[in-house]
Amino acid sequence: MRKRITPNQKKAKKRIGKTELKVIDSSYSRKPAQNFPGSGRLWAWGLIALLLLSAAGLDLYLGAFQLSSPLLLAFALSWLVCFWGIPKLKALKMEQVIRQEGPQSHHSKSGTPTMGGLLLVPCGVLVGGLVSPGDQRLMPVALVTLAFLVIGGIDDWRSLTKQTNKGLSPKGKLLLQALAAGLFLLWAALHEAIPSSIGLPFGWWLPLGLLIWPLTLFVFLAESNATNLTDGLDGLAAGVGAIVFMGLGLQLMLRGNSGDPALAGFCAALAGAWLGFLLHNRNPAQVFMGDTGSLAMGAALSAIALLSNSLWPLLLMGGVLLAESLSVILQVWVFKATKGSDGQGHRLFRMAPLHHHFEEGGWPELQVVVSFWGVSLILVLFGLVLRP
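Model, not experiment: these values are computed from the prediction. (Residues numbered from 1 in each chain as written. Predicted model: local features only at pLDDT ≥ 70, side-chain atom pairs only at ≥ 80, totals over all residues. Heavy atoms only, no water.)

### Concerning the overall build of the protein
Okay, step 1: A tally of helices and strands in the protein yields 14 helices and two strands.
Okay, step 2: Evaluated residue by residue, the protein yields a buried proportion of 51% over its 388 residues.
Okay, step 3: Look at the contacts in the protein between residues 6 or more apart in sequence, and 76% of them connect residues 24 or more apart. (Helix = DSSP H or I, 4+ residues; strand = E, 2+ residues; numbered from the N terminus. Buried < 20%, exposed > 50% of the residue type's maximum accessible area, 1.4 Å probe, protein only. Contact = heavy atoms within 4.5 Å.)

In structure tokens, the structure reads:
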């Protein structure tokens, strides 16, 4: 005969369950994830439609298909190449190794193919280079993007061969990034391609003189590592990156003197390439871009912003990337500043980068991703209104 459980016994059982949960996870008791409406595929198509409509709307307003054409072509090419290439990555055993100290829910992602940047980045660079073949700036932008892709590829490959989440040493990776960025900046200096003053809203300018050069190197290193840190959830970096590329392209076309069609079209092509990849990378992801894709994304954003005097729009539109990077810096700083004799310190966030903080707070992965996309879209609107 089945025993009846009294209400007091039910409450006691709940208390015991909560106690057991805290013992298992002594750092933070992760809140249970709530349901989030829609699917990864549905939200991905929604973002694709929104960015395509924005590009087509501006093209109709300006009377030229400067953004929508490269966006659509790169999107289709990237989707097709990824569709063909993902099984090849699987066959080559290029499978992601998940770091043990990350969220427990991510351990199920182990074995997902990585290095997807090898598939998508060349698509965006190829289409972007065809937008305006006579513009001498596009080749250096393409080359520095591909150089960072190679650096990320070396890092990913070393991780795969070691079967750990650690590839190149931080100093080694930073040195290679600085070298690739330095060669790009050398070309820019010889051709006087980067102005010494930064354009700001309301017609203001920030003159820097020779200080512009250390700043440009810092932008490359900071931006590429920010995009790398953002690539931690299914579809997060791909979606945010596509939004920022599209935002930069829109503001370049809206600026005075007929805008900058060449770099704007290059932005649209890269946005399209990441959107095509997003259909395979959205939750649940069939492939990850790896450092191969995330470092290349940061390099392309930096190069385009520097050559088009769009550092201010990049700072504002890429606010999510900045927040992700700052969350890691602050987490480490607070922990070290408060570390006691027992080696333990306080943590500002449940887990860093910032997207993991919300995950550990009980947000479903898709909710975090879509929310960060939404914040990026809002920041792009601010960037368009406050463009130089």
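### So, a nonpolar patch on the surface
Okay, step 1: There is a patch of nonpolar side chains on the surface, built from Val150, Ile154, Leu176, Leu179, Leu183, Leu186 and Leu190 and spanning about 660 Å² of accessible area.
Okay, step 2: Secondary-structure elements contributing two or more residues to the nonpolar patch are α5 (138–162) and α6 (170–190).
Okay, step 3: It is α6 that contributes the most residues to the nonpolar patch, five residues altogether.
Okay, step 4: Structurally, leucine 190 can be placed in helix α6.
Okay, step 5: For leucine 190, a relative accessible area of 66% corresponds to the exposed category. (Patch = residues over 30% accessible without salt bridge, like charges linked within 9 Å, V, L, I, M, F, W, Y side chains within 5 Å. Areas by Shrake-Rupley, 256 points an atom, 1.4 Å probe, with all protein chains shown as cover. Salt bridge = Lys/Arg side-chain N within 4 Å of Asp/Glu carboxyl O.)

### A look at the nonpolar core
Okay, step 1: Membership of the largest hydrophobic core comes to 95 residues, with the highest contact counts inside it found for Leu67, Phe220, Phe245, Met246, Trp274 and Leu275.
Okay, step 2: Excluding residues that lie within four positions of it along the chain, phenylalanine 245 makes contacts with Cys267, Leu270, Ala271, Trp274, Met297, Ala300, Leu301 and Ile304. (Core = buried A, V, L, I, M, F, W, Y, C linked by side-chain atoms within 4.5 Å.)

### Details of the packing of helix α2 (residues 40–62) against helix α3 (residues 68–91)
Okay, step 1: Where α2 contacts α3, the axes come no closer than 9 Å and their chain directions differ by 150°. Between α2 and α3, the angle is such that the two are roughly antiparallel. Residues Trp45, Ile48, Leu51, Leu52, Ala55, Ala56 and Asp59 of α2 pack against Ser68, Leu71, Leu72 and Phe75 of α3.
Okay, step 2: Partitioning the contact of α2 with α3 into residue classes produces nine nonpolar, one polar and one charged. (Axes fitted to C-alpha atoms, helices over the stretch in contact; angles between N-to-C directions. Parallel < 35°, antiparallel > 145°, perpendicular 65-115°, else oblique. Nonpolar A, V, L, I, M, F, W, Y, C, P; charged D, E, K, R; others polar.)

### Details of helix α9 (residues 261–281)
Okay, step 1: Look at α9: 29 Å from first C-alpha to last across 21 residues, which is about the 30 Å you get at 1.5 Å a residue.
Okay, step 2: With 20 of 21 residues buried, α9 is to be regarded as a mostly interior element. (Expected span 1.5 Å × (residues − 1).)

### Points about the pattern of salt bridges
Okay, step 1: By the definition in use, this model includes four salt bridges.
Okay, step 2: A salt bridge links aspartate 155 to lysine 173; its shortest N-O distance comes to 3.1 Å. Residue aspartate 155 is found in helix α5, and its partner lysine 173 is found in helix α6; the two are separated by 18 residues along the sequence. Neither residue differs from the other here; aspartate 155 and lysine 173 are each classed as buried.
Okay, step 3: Close ionic contact of aspartate 291 with lysine 173 constitutes a salt bridge, the shortest N to O distance being 3.0 Å. One end of the pair, aspartate 291, is in helix α10 (residues 290–307); the other, lysine 173, is in helix α6, with 118 residues separating them in the sequence. Side by side, aspartate 291 and lysine 173 carry an identical accessibility label, which is buried.
Okay, step 4: A single network of salt bridges, built from pairs that share partners, joins Asp135, Arg137 and Asp260.

### With respect to the side chain of asparagine 281
Okay, step 1: When you line up the elements, asparagine 281 lands in helix α9.
Okay, step 2: Relative accessible area serves as the criterion here: at 2%, asparagine 281 is assigned to the buried category.
Okay, step 3: Dropping the residues within four chain positions of it, asparagine 281 is found in contact with Asp234, Gly235, Ala238, Val287 and Phe288.

### Describing α6
Okay, step 1: With 21 residues, α6 extends 30 Å from end C-alpha to end C-alpha; this agrees with the ideal 30 Å at 1.5 Å per step.
Okay, step 2: Among the residues of α6, those classed as buried are Lys173, Gln177, Ala180, Ala181, Phe184, Leu185, Trp187 and Ala188. Buried residues of α6, viewed axially, fall in a sector of 155°; they line one side. Those residues of α6 that are exposed and angled more than 90 degrees off the buried face are Lys171, Leu175, Leu179, Leu183 and Leu190.
Okay, step 3: Considering only its buried residues, α6 is in contact with α5, α7 (212–230) and α10.
Okay, step 4: The first or second residue beyond α6 is glutamate 192, which carries a positive phi of 50°. (Arc of directions from axis to C-beta.)

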